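Here is how the chains run, residue by residue.
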Amino acid sequence: MKQHATNIVRELRNRGFQAYFAGGCVRDMLLGLAPADYDVATDATPPEVMRIFPETYAVGAQFGVVLVPSADAPPSDALPSEHPNYVEVATFRNDGTYSDGRHPDQVSYAKDPQEDVQRRDFTINGLLMDPLDGNRVLDFVGGRDDLRAGVIRAIGDPECRFSEDKLRMLRAVRFAARFHYTIDPATFAAIQRLAPQIHQVSAERVRDELTKMLTEGSARTAFELLDSTGLLKEVLPEVDRMHGVEQPPQFHPEGDVWIHTLLLLEKLPPRCSRTLAWGTLLHDVGKPPTFRVAPDRIRFDGHVEVGVRMAEEICRRLHFSNEDTRQIAALVANHMRFSDAERMKASTLKRFLRLPKFDEHLELHRMDCLSSHGDLSLYNFVRERLQQTPPEEIRPQPLLTGEDLIALGYQPGPQFRDMLAAIEDAQLEGTLKSREEALEFLRREFPRAG
């Protein structure tokens, strides 16, 4: 994509326009990282860009943004939701006021790149680079100094930058965690003052920013910063309530529910799945409302069931897909079942092992153990059973179906589910191995009336 972006810069220059690499790609290149994508800033207006590059998507033309596809971008009548094969070309601009806390009320195009960078979020993202001149960097905001010092600093007045787009508060936290930087004191103070205004940001944008925090490899640091800035209690009050919720020391010598959760987040690997990340964050979300001190010890009766309902509500609030919601809730629902694994019947264990994305359940349990008592014996037991049991024994072909029951003269109804489940249980236990044995079992256990 770098070559495609360079070609765009070259073509714009050949047509008499200014053009530079801009934003995160410049930052990453200076840090020695491979940019995930490339953005180009130019004084060409969107209509001019679209005349030069006919195959474009005007995703934000009213804000001066056009996407230019590479030669290997798949043909499409509509822009895909993710576009890694496209370069974003943005016109130099000077944004006006932001009434909605996200979009400028009006945009004035500019000819001066220095004017353009003043409306960007942070100094480390306000750098321009000329790929046609030895990667010469244009720095009008002190971004290179802040890269060297490891500082996240808003460009200009922090409150103005955050008032323009409230999501920038979450982005400041994410960048600080991702790069292990500190947040400039004035920028940090502005986040603390404006944190309650984060609710102006759409649920989808908040969800996506939090998901990046959880999956970029510095989840613990990110959530500690969310906590200290005051953003955590605004975006995830259920997680904020984990603070100070004590746990029985014999099982959780590490401390309260908040500390325990941070220890798990610390173990989330970069680029882990979003469902594992959110399941990890929320696996004990039901503990604060179920906390009680019993005569024998601290208890959290029903915390799994309560946690599942809370996780589902959080997922709905943040507009997760139904598929992701099901998996996140399943991780919460099943994280305590490992404690029964050694006592499970063979059929129960096999059904447990065939949960969708069972590798995520296993990984959550491993991190849960390492973040509390440190005993991995149940993890090793389940993993060994999973490795030693052939897939066809975990998900065997049914010996009988509902159509077979009808052919045998049974009347369709709710009892069919019980009958087929009983046959499958016996099959998973290894006591039924053939269709003939299943038929005999059926006649014996579920005789037909009359």
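Parameters and conventions
- Residues numbered from 1 in each chain as written.
- Predicted model: local features only at pLDDT ≥ 70, side-chain atom pairs only at ≥ 80, totals over all residues.
- Heavy atoms only, no water.
- Buried < 20%, exposed > 50% of the residue type's maximum accessible area, 1.4 Å probe, protein only.
- Helix = DSSP H or I, 4+ residues; strand = E, 2+ residues; numbered from the N terminus.
- Pairing = 2+ DSSP bridges.
- Axes fitted to C-alpha atoms, helices over the stretch in contact; angles between N-to-C directions.
- Parallel < 35°, antiparallel > 145°, perpendicular 65-115°, else oblique.
- Contact = heavy atoms within 4.5 Å.
- Disulfide = S-S within 2.5 Å.
- Core = buried A, V, L, I, M, F, W, Y, C linked by side-chain atoms within 4.5 Å.
- Expected span 1.5 Å × (residues − 1).
- Left-handed = near helix turned anticlockwise from the far one by under 90°.
- 1 Å grid on protein atoms, 1.4 Å probe; cavity = no way out; pocket = protein on both sides within 12 Å on 5 of 7 lines; lining within 4 Å.
- Points joined across faces, edges and corners; volume = space filled by probe spheres on them.
- Nonpolar A, V, L, I, M, F, W, Y, C, P; charged D, E, K, R; others polar.

Caption draft 1: Here's a closer look at the pairing of strand 5 (residues 86-91). Burial analysis of strand 5 places 5 of its 6 residues in the buried class, the great majority of the element. Summarising the sheet, strand 2 (residues 39-42) and strand 5 pair through 4 bridges and their orientation is parallel. Looking at strand 5, one finds that Val40 is bridged to Val89.

Caption draft 2: Inspection of the packing of helix 18 (residues 346-353) against helix 23 (residues 415-429) at higher detail. Following both chains from N to C, one finds helix 18 and helix 23 inclined at 95 degrees, their axes separated by 8 Å at the closest point. Relative to helix 23, the element helix 18 is oriented roughly perpendicular. Judged by residue contacts, Ala346, Ser347, Lys350 and Arg351 of helix 18 engage Ala421, Glu424, Asp425, Leu428 and Glu429 from helix 23.

Caption draft 3: Looking closely at the state of the cysteines. Counted under the stated rule, the structure contains 0 disulfides. A disulfide-free cysteine, Cys272 has its sulfur positioned 15 Å from the sulfur of Cys315, the nearest such atom.

Caption draft 4: Here's a closer look at the environment of Cys369. Positionally, Cys369 belongs in helix 19 (residues 358-370). Judged by relative accessible area, Cys369 falls into the buried class, the value being 3%. Cys369 sits 105 residues away from Leu264 along the chain, and the two C-alpha atoms are 9.2 Å apart. What Cys369 contacts, discounting residues up to four positions off in sequence, is Gly374, Asp375 and Leu376.

Caption draft 5: Seen up close, the nonpolar core. Grouped together as the largest cluster of nonpolar side chains are 93 residues, with contacts concentrated most on Leu12, Phe21, Val40, Phe223, Leu236, Trp278 and Leu282. Ranked by residues supplied to this core, first place goes to helix 7 (residues 167-179) with 9 residues. Excluding its chain neighbours within four sequence positions, the residues that come into contact with Trp278 are Arg207, Leu210, Thr211, Leu214, Leu236, Ile314, Leu318, Phe320 and Ile328.

Caption draft 6: Highlighting unusual backbone geometry. The backbone of His180 shows a phi angle near 60 degrees, a positive value even though the residue is not glycine. When you line up the elements, His180 lands in the loop between helix 7 and strand 11 (182-183). One non-glycine residue, Arg271, lies in the positive phi region at around 65 degrees. Topologically, Arg271 is positioned in the loop between helix 13 (257-267) and helix 14 (274-282).

Caption draft 7: Structural view of helix 7. Given a rise of 1.5 Å per residue, 13 residues ought to cover 18 Å, and the 18 Å separating the end C-alpha atoms of helix 7 matches this to within 8%. Taking burial as the measure, the 13 residues of helix 7 include 11 buried ones, the bulk of the element. All of the buried residues along helix 7 are Leu167, Arg168, Met169, Leu170, Ala172, Val173, Arg174, Phe175, Ala176, Ala177 and Phe179. A positive backbone phi angle near 60 degrees is found at His180, which sits one or two residues after helix 7.

Caption draft 8: Structural context of the packing of helix 23 against helix 24 (residues 435-445). Viewed as axis vectors pointing N to C, helix 23 and helix 24 meet at an angle of 130 degrees, and their least axial separation amounts to 11 Å. On the basis of their axis angle, the class for helix 23 and helix 24 is oblique. Viewed along their axes, helix 23 and helix 24 form a crossing whose handedness is right-handed. Facing helix 23, whose interface residues are Met419, Ala422, Ile423 and Ala426, helix 24 presents Ala438, Phe441 and Leu442.

Caption draft 9: Region of the structure containing the layout of surface pockets. Each pocket or cavity is described by its volume, and for the second largest pocket that value is around 600 Å³. Lining the second largest pocket are 25 residues, with Phe251, His252, Met336, Ser339 and His373 positioned closest to its centre. Those elements giving two or more residues to the lining of the second largest pocket turn out to be strand 13 (298-299), helix 19 and helix 20 (377-388). It is helix 19 that provides the largest number of residues to the lining of the second largest pocket, a total of 3 residues. Split into classes, the residues belonging to the lining of the second largest pocket amount to 8 nonpolar, 10 polar and 7 charged.

Caption draft 10: Examining the environment of Asp146 more closely. Topologically, Asp146 is positioned in helix 5 (residues 143-149). Separated by 10 residues in the primary sequence, Asp146 and Arg136 have C-alpha atoms spaced 18 Å apart. Contact partners of Asp146, with chain neighbours within four places excluded, come to Thr123, Ile124, Val151, Arg153 and Tyr181.

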